[in-house]
Amino acid sequence: MNTTRFNDILAAFSIALDQVEHEMLGVSDHHAKRVAYITAKMCQTAHLSQDLQIDAAACALLHDNALTESQSTLRGDKDWQSKWPGIPETGLHCAMGARNMANLPTTSDIRGFIRFHHENADGSGPFGLTTDATPLPARMIHLADQLDRTLNLGMWTPDKAAVITAYLDQNRGNVFDAATLELFQDALSVNDLAALSSPTIDAMVAGLIPTRDIAYSGSELAHIATLFARITDYKSSFTCSHSMGIANKARRMAAFYHYDPEVVERYYVAGALHDVGKLMIPNRILEKPGPLTKDEYTIMKKHASYSFKVLNPIKGFEDITVWACRHHEKLDGSGYPFGLTAKDLTQPERLMACIDIYQALVEDRPYKEGMTHQTTMKILNNMVNDGQIDGGITADIDTVFG
Ligand SMILES: [Fe+2]
Ligand SMILES: [Fe+2]
Ligand SMILES: [Fe+2]
Ligand SMILES: [Fe+2]
């Protein structure tokens, strides 16, 4: 079992989520990291345990992990209230986000940290909780989140410290409680606040959060990857079940080959993560109804290298990263992003490429119904004959999914 650093996984999440929040909420780049930085500083000052510091920072980085999911639900599911009884619209991403966090191997019970990250001190938030009922990390995240969304701490100006003080004073008692405000003031000097606009905010956050190295089992990694896949899939109704479809099919194929159960789970993880780079592609391109222009296609193709950028820094994910990020490579060298050829492409990478095409063709999209297995196999077999994809794997896909 490989050791993986939980912090690396968090960092990967935040690179991916950054883009989503930027696109969907209009917050400036690195919003989640600034929220995490402020929260981590406050946790230190409050002398929370190391485990709690890690978990609170994780929640700060992922406070809006269900943004894509909730927006897609509100857009597409008229019946969502019966599935989320008693949850107000403004609290849907909080409730979904809290449920998703159960996929992460944390040590504390962190559900309330995400669920209540929009509660106001006077009880006027989505769930009507007042200060005493709201966990401290949730109150920290709330303060950091509101502050950054309102005042954009990613851009530092000489008057910013005064503007922050005025804003906090104005909202004392109604939005923020006195104890959290005091903690914020003790934890962050003016220099710390100015540093939030630094281009090295990633490294600053990483340096603040205590590290946690764990030998995750295959099934624990699969849970983490499922969270990534959900975020990716919900970004656009055009990709709504694509990552999960690939993950499940990769797992089935690996089981078909009788691989060791731990390896089977790693196939699932690679499948779940293969298109995580699509979080960095704007929806206007992902969802364009007509054919893409040359420039748009160039941007679209970048998702594969973005996936690499997100996954490559995760220690212990070396195999998974390569399997996941070569899913658009072709045996004849016509693929991307690296233009690799048959001699470079191993079995799992060839498998991901075949499954990616298979899944894309059989799944429903808003503008088309999924193809049947038979029609899909014809297209795959043509690609085999053209020397683009692996013939043996394609035959096995026919056997397993036929
Ligand atoms: Fe939020
Ligand atoms: Fe936020
Ligand atoms: Fe892809
Ligand atoms: Fe894909």
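Residues numbered from 1 in each chain as written. Chains lettered and ligands numbered in written order. Predicted model: local features only at pLDDT ≥ 70, side-chain atom pairs only at ≥ 80, totals over all residues. Heavy atoms only, no water.

Colleague: Now, about the overall build of the protein: what can you tell me, with residues and values included?
Modeller: Secondary structure assignment for the protein yields 21 helices and 2 strands. Radius of gyration (C-alpha) of the protein: 22 Å, near the 21 Å computed for a compact globule of 402 residues. By the burial criterion, 55% of the 402 residues in the protein qualify as buried. Counted over contacts in the protein with a minimum sequence separation of 6, partners at least 24 positions apart contribute 70%. Side chains of the protein carry 36 positive and 49 negative charges; the gap between the two charge centres is 4 Å. (Helix = DSSP H or I, 4+ residues; strand = E, 2+ residues; numbered from the N terminus. Rg over C-alpha atoms; globule rule 2.2 N^0.38 Å. Buried < 20%, exposed > 50% of the residue type's maximum accessible area, 1.4 Å probe, protein only. Contact = heavy atoms within 4.5 Å. Lys, Arg positive; Asp, Glu negative; His and termini not counted. Charge placed at Lys NZ, Arg CZ, Asp CG, Glu CD.)

Colleague: Outline the coordination of the iron ion (ligand 2), supporting the account with residue identities and numerical values.
Modeller: At this site the iron ion (ligand 2) is bound by H31 (NE2), H63 (NE2) and D145 (OD), with donor distances of 2.1 to 2.3 Å. Read from N- to C-terminus, the donor residues coordinating the iron ion (ligand 2) fall into the pattern H-x31-H-x81-D. In this structure the iron ion (ligand 1) is found 4.8 Å away from the iron ion (ligand 2). Placement of H31 in helix α2 (residues 31-45) and of H63 in the loop between α3 (50-61) and α4 (67-76) is noted, with a sequence separation of 32 residues between them. (Donors = N, O, S within 2.8 Å, 3.2 Å for Na, K, Ca; no water.)

Colleague: Run through the nonpolar core, naming residues and quoting values.
Modeller: Membership of the largest hydrophobic core comes to 105 residues, with the highest contact counts inside it found for F13, L147, L168, F184, F228 and I397. Discounting chain neighbours no more than four positions away, the residues touching F184 are I38, M42, L143, L147, I164, L168 and L193. W80, L92, C94 and A138 belong to the second-largest nonpolar core, a separate cluster that totals 12 residues. (Core = buried A, V, L, I, M, F, W, Y, C linked by side-chain atoms within 4.5 Å.)

Colleague: Outline the coordination of the iron ion (ligand 3), listing residues and values.
Modeller: Bound to the iron ion (ligand 3) are the protein donor atoms D275 (OD), H303 (NE2), H327 (NE2) and H328 (NE2), situated 2.1 to 2.2 Å from the metal. Around the iron ion (ligand 3) sit 4 donor atoms; with metal-centred angles ranging over 84 to 167°, the donor geometry is irregular. (Tetrahedral: all angles 85-135°; square planar, octahedral: opposite > 155°, others 65-115°.)

Colleague: Requested: an account of the pattern of salt bridges, with residues and values cited.
Modeller: All told, the structure shown has 22 salt bridges when counted by the stated rule. Across the pair D51 and R212 runs a salt bridge, and its minimum N-O distance is 3.2 Å. Of this pair, D51 sits in helix α3 while R212 sits in the loop between α12 (201-208) and β2 (213-214), placing them 161 residues apart in sequence. A salt bridge links R230 to E69, with the shortest nitrogen-to-oxygen separation between them at 3.1 Å. In this pair, R230 sits in helix α13 (residues 218-234) while E69 sits in helix α4, placing the two residues 161 residues apart along the sequence. R230 gets classed as partly exposed once you look at its relative accessible area, which sits at 23%. One salt-bridge network, held together by shared partners, links D18, K33 and D202. (Salt bridge = Lys/Arg side-chain N within 4 Å of Asp/Glu carboxyl O.)

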